[in-house]
Amino acid sequence: MKALKEYIIPFIGLKAGEHYFDYKIDNTFFHNFEYDEFNSVDIKIDLKFVKKTTFLELYFSATGSVNVNCDITNEPYSQPIDDEFKLVVKFGSAYNDENEDILIVSHGEYEINVSQYIYELIVLAVPIKRIHPGIADGTLKSEILDKLEELSPQEDHKNKSTEAIDPRWNTLKKLLTDK
């Protein structure tokens, strides 16, 4: 995790007020987390770091795209990412990250590593079900889609109309209409 040093913010030397950090995220970032679900990554993270006297506020904003494979056709496509996340860092007697929006660090801490929060922001911004946009509008031509269409069950309307109906059902239907 030494490659993630650039995501460590030493807040002890910062003046009270707003500070801005920009990060360019690509595949190497996710290799550090051993996450290989993305074919390629091109995301820009804007971090607004607000230092107050008793706590810190971090506003993450992610924009860009990740190239993923479609869950239906396995065709790669570019999934746009546009998401935000707010984190409040408070100081306490012991480290506590049980709440997803509030991080409690001990009073002696002097820096914070934001790489885990950037990782989670990007991964959670990708939809659970990844569907190529060409499937929704019908423009995607794929061997897999052609095979699925070929193997899908076809309704046979001819058999339904010529199929003989048991006369007992007709008698039962008369009971519904007789009053």
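Look above for the structure.
Because the structure is predicted, anything quoted here is derived from the model rather than measured. (Residues numbered from 1 in each chain as written. Predicted model: local features only at pLDDT ≥ 70, side-chain atom pairs only at ≥ 80, totals over all residues. Heavy atoms only, no water.)

A. Structural detail: the pattern of salt bridges. Per the stated rule, a full pass over the model turns up 8 salt bridges. Notably, a salt bridge pairs Lys48 with Glu18, separated by 3.5 Å at the nearest N-O pair. You can see Lys48 sitting in strand S3 (residues 40-51) and its partner Glu18 sitting in strand S2 (residues 17-25), a full 30 residues away along the chain. Residue Lys48 is classed as partly exposed on the basis of its relative accessible area, which comes to 29%. (Salt bridge = Lys/Arg side-chain N within 4 Å of Asp/Glu carboxyl O. Helix = DSSP H or I, 4+ residues; strand = E, 2+ residues; numbered from the N terminus. Buried < 20%, exposed > 50% of the residue type's maximum accessible area, 1.4 Å probe, protein only.)

B. Examining the environment of Arg130 more closely. Turning to its location among the elements, Arg130 is positioned in the loop between helix H2 (115-125) and helix H3 (133-137). Spatially, the C-alpha atom of Arg130 lies 19 Å from that of Asp146, the residues being 16 residues apart in sequence. Setting aside its immediate chain neighbours within four residues, Arg130 contacts Tyr35, Glu37, Val68, Asn69, Cys70, Asp71, Ile72 and Tyr77. (Contact = heavy atoms within 4.5 Å.)

C. Representation of unusual backbone geometry within the structure. Although it is not a glycine, Glu34 adopts a positive phi angle of roughly 55°. Tracing the backbone through its elements, the reader meets Glu34 in the loop between helix H1 (27-31) and S3. A positive phi is found at Asn74, a non-glycine position, where the angle reads about 65°. Assignment of secondary structure puts Asn74 in the loop between strand S4 (55-69) and strand S5 (76-92).

D. Representation of the packing of aromatic side chains. A full pass over the atoms with the stated rule returns 15 aromatic pairs. A ring pair is formed by Tyr7 and Phe29, whose centres lie 5.2 Å apart and whose planes are at 70°; its orientation type is edge-to-face. You can see Tyr7 sitting in the segment before strand S1 (8-9) and its partner Phe29 sitting in helix H1, a full 22 residues away along the chain. When its relative accessible area of 4% is taken as the criterion, Tyr7 is described as buried. Note on Phe29: relative accessible area 3%, which makes it buried. One aromatic cluster is present, formed by Tyr7, Tyr23, Phe29, Phe30, Phe33, Tyr35, Phe38 and Tyr119 through successive ring pairs. Above the plane of the ring of Tyr59 lies Lys48, whose end atom (NZ or CZ) is 5.2 Å from the centre. (Phe/Tyr/Trp six-rings, centres within 6.5 Å; stacked < 30°, edge-to-face > 60°. Lys NZ or Arg CZ within 6 Å of the ring centre and 35° of its normal.)

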